[in-house]
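# Breakdown of the fold
Chain residues, written in single-letter form:
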Amino acid sequence: MHDEVIGPSVGRVSIDAFSEELRALRAEAGNPSYAAIAASIAARREASGVPAERARIARSTVYDVFRTGRRRLDVGLVREILVALDLSEDSVEAWVDVARRATPDCAEDGTTSRTASPRSLPTASTQVFTVPVPAPETSAEQASGSDEPRPPLGPAIDAAAPVAAPPTHRPSRQRSLQRIAVIVLVCVAINLVGRGVVLLLDLPLHLDMTGTAVSAILLGPWWGALVGVATNTSGVLLSGVSSLPFALVNVTGALVWGYGVRRFAMGRSIPRFFSLNVICATACSVVAVPIVYLLDDTLRHASTTSTDHLVAITHLVLVSTFVSNLVISIFDKSISGFAALAIVESRTPVSSPEPGAGPGRKTSSEHLDPHSEPHS
């Protein structure tokens, strides 16, 4: 017996199904970041003689291959990604064969293409798509010099075999929505716990935006905004109705953190992320100070003491309120931001580091990869 490598016995494979299985392959490889995959592809291209400037590839281009909803696949890039994921040569060829036959969910002629089930696609193991084939034996007729052609080797494919119905993507979408709902609820709870601690200990901080930062980074800025609104709405039970206007502050923080990390890549290093927290604190103070100024008689917060001292010195109420709020906000948003960073890192699997990163740990730029969570 010997093994002959073949591709999966399916007709047309949907591009979405192919992309989902490709993401599963990435998970089996330890979830390397898109930046690490891009660096590996560039290194192999340079080793093959491609000039460095032409060998480079953006990690967003790599991520795009893993994204669903595409109309076509770059088969050459798929091959390079599979090699970067350390698949065997036989596995790579089987996957590339699937990629060549992948079509959008709806074919151009109006018919629906058949979506491969997970079992019909190859995996990282070559054993999944190898079949036993009898070793060639010398028959008595051939030994006697018969010229009759031998039947082809390999398993016979029954044309009447039933074809599995295309699975819908509804379960995966439901799981995604359930995951988002859980993250939103947990983030709201984190915010409320932080506010409760501040009220209990009478701290000159707020600590009610850590969950906002987590959801804005993981899910997107507008999901973070939803967490902020839900936090201040629920905060009425702890702080009274004065909590409601400050929902605008929470929404502002969510938008700054979310867009700062996901669009402007300000999570690539600790200094950049600290700068983002300072920008977030400033934006939140600009929104909060008018609210504080209007509700001054009804607010009870430990920060009012520092404001009173500044007013006694400057005799400028609005300026003193802004300076006091900004100083406290910088400390508060830095604590919330870096606490969110710790939470994001704790839920991300450890994988091979990029060049220059510490052994066995992912860099903060990988955890806060603006292309790693395409939900927003």
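Our structure's up above, just so we're on the same page.
Residues numbered from 1 in each chain as written. Predicted model: local features only at pLDDT ≥ 70, side-chain atom pairs only at ≥ 80, totals over all residues. Heavy atoms only, no water.

## Description of the overall build of the chain
- For the chain, the helix and strand inventory stands at 16 helices and 4 strands.
- Sequence separation of at least 24 residues holds for 71% of the intrachain contacts in the chain that already meet a minimum separation of 6.
- When the accessible surface of the chain is split by element, carbon and sulfur atoms take 61% of a total near 20100 Å². (Helix = DSSP H or I, 4+ residues; strand = E, 2+ residues; numbered from the N terminus. Contact = heavy atoms within 4.5 Å. Areas by Shrake-Rupley, 256 points an atom, 1.4 Å probe, with all protein chains shown as cover.)

## So, the side chain of Asp208
- Its place among the elements puts Asp208 in the loop between helix H8 (170-201) and helix H9 (210-218).
- Sequence-distant contacts of Asp208, that is, excluding residues within four places in its chain, are made with Asn191, Arg195, Thr231 and Asn250.

## Concerning the packing of aromatic side chains
- Under the criterion given, the structure shown has 4 aromatic pairs.
- Centroid distance Tyr34 to Phe66: 5.5 Å. Interplanar angle 55°. Geometry classified as tilted. Of this pair, Tyr34 sits in helix H2 (residues 34-47) while Phe66 sits in helix H4 (residues 59-66), and the two are 32 residues apart along the sequence.
- In textbook terms, an aromatic cluster arises when at least three aromatic residues are bridged by ring pairs, as seen for Tyr34, Tyr63 and Phe66.
- Looking at Arg26, its charged tip hangs above the ring of Tyr34, at a distance of 4.1 Å from the centre. (Phe/Tyr/Trp six-rings, centres within 6.5 Å; stacked < 30°, edge-to-face > 60°. Lys NZ or Arg CZ within 6 Å of the ring centre and 35° of its normal.)

## A short note on the pattern of salt bridges
- Applying the stated rule across the entire model yields 7 salt bridges.
- The salt bridge partner of Glu93 is Arg79, with a shortest N-O separation of 2.5 Å. Note that Glu93 is positioned in helix H6 (residues 89-100) and Arg79 in helix H5 (residues 75-84), a separation of 14 residues in sequence.
- Of the charged contacts in the structure, one is a salt bridge between Asp97 and Arg101, with a shortest N-O distance of 3.0 Å.
- On the basis of relative accessibility, which here comes to 29%, the residue Asp97 falls in the partly exposed class. (Salt bridge = Lys/Arg side-chain N within 4 Å of Asp/Glu carboxyl O. Buried < 20%, exposed > 50% of the residue type's maximum accessible area, 1.4 Å probe, protein only.)

## Concerning a nonpolar patch on the surface
- A cluster of nonpolar residues, Leu316, Val319, Val323, Val327 and Phe331, forms a patch on the protein surface that exposes about 450 Å² of accessible area.
- Along the chain, Val327 falls in helix H15 (residues 317-346).
- Its relative accessible area of 44% is what places Val327 among the partly exposed residues. (Patch = residues over 30% accessible without salt bridge, like charges linked within 9 Å, V, L, I, M, F, W, Y side chains within 5 Å.)

## Some points on the environment of Asn191
- Within the secondary structure, Asn191 sits in helix H8.
- Accessibility expressed as a relative area gives 0% for Asn191, which makes it buried.
- In the structure, Asn191 is positioned 41 residues away from Asn232 in sequence and 9.1 Å away in space, judged by C-alpha atoms.
- Excluding its chain neighbours within four sequence positions, the residues that come into contact with Asn191 are Leu207, Asp208, Met209, Thr210, Gly211, Thr212, Val227 and Thr231.
- Within the local environment of Asn191, its side chain forms a polar contact with the backbone nitrogen of Gly211, the two atoms lying 2.7 Å apart. (Polar contact = N/O pair within 3.5 Å; in protein donor to acceptor, adjacent residues only side chain to side chain.)

## Quick look at the environment of Val292
- Its location among the elements puts Val292 in helix H13 (residues 270-294).
- Exposure remark for Val292: the relative accessible area of 17% places this residue in the buried category.
- The spacing of Val292 and Phe322 is 30 residues in sequence and 9.3 Å in space, taken between C-alpha atoms.

## Some words on H5
- Of the residues making up H5, those classed as buried are Leu77, Val78, Ile81, Leu82 and Ala84. Each buried residue of H5 sits inside an arc of 160° when the element is viewed along its axis, so together they form one side.
- Close packing links the buried residues of H5 with helix H1 (15-28), H2, H4 and H6.
- The N-terminus of H5 is capped by Asp74, whose side-chain oxygen sits 3.2 Å from the backbone nitrogen of Gly76. (Arc of directions from axis to C-beta.)

## Considerations on the nonpolar core
- Counting residues in each nonpolar core, the largest one holds 32 residues, and the members touching the most others are Val184, Leu219, Phe246, Val249, Trp257, Phe273 and Leu276.
- Looking at which element gives the most residues to this core, the answer is H13, with 7 residues. (Core = buried A, V, L, I, M, F, W, Y, C linked by side-chain atoms within 4.5 Å.)

## Thoughts on H13
- Its 25 residues place the ends of H13 36 Å apart at the C-alpha level, agreeing with the 36 Å of an ideal helix rising 1.5 Å per residue.
- Remark: the principal bend of H13, roughly 35°, maps to Ala288, with a proline, Pro290, within the next four residues.
- Three or more residues of H13 are buried, namely Phe273, Leu276, Asn277, Cys280, Ala281, Cys284, Ser285, Ala288, Val289, Ile291 and Val292.
- Buried-residue contacts for H13 involve H9, helix H12 (247-262) and H15. (Expected span 1.5 Å × (residues − 1). Bend = angle between axes of the 7 residues up to and from the residue.)

## Comments concerning the packing of H2 against H4
- Relative to each other, H2 and H4 sit at 110°, their axes nearing to 8 Å. Relative to H4, H2 is oriented roughly perpendicular. On H4, the residues that touch Tyr34, Ala35, Ile37, Ala38 and Ile41 of H2 are Arg59, Val62, Tyr63 and Phe66. (Axes fitted to C-alpha atoms, helices over the stretch in contact; angles between N-to-C directions. Parallel < 35°, antiparallel > 145°, perpendicular 65-115°, else oblique.)

Note that all results are geometric; they support no functional claim without further evidence.
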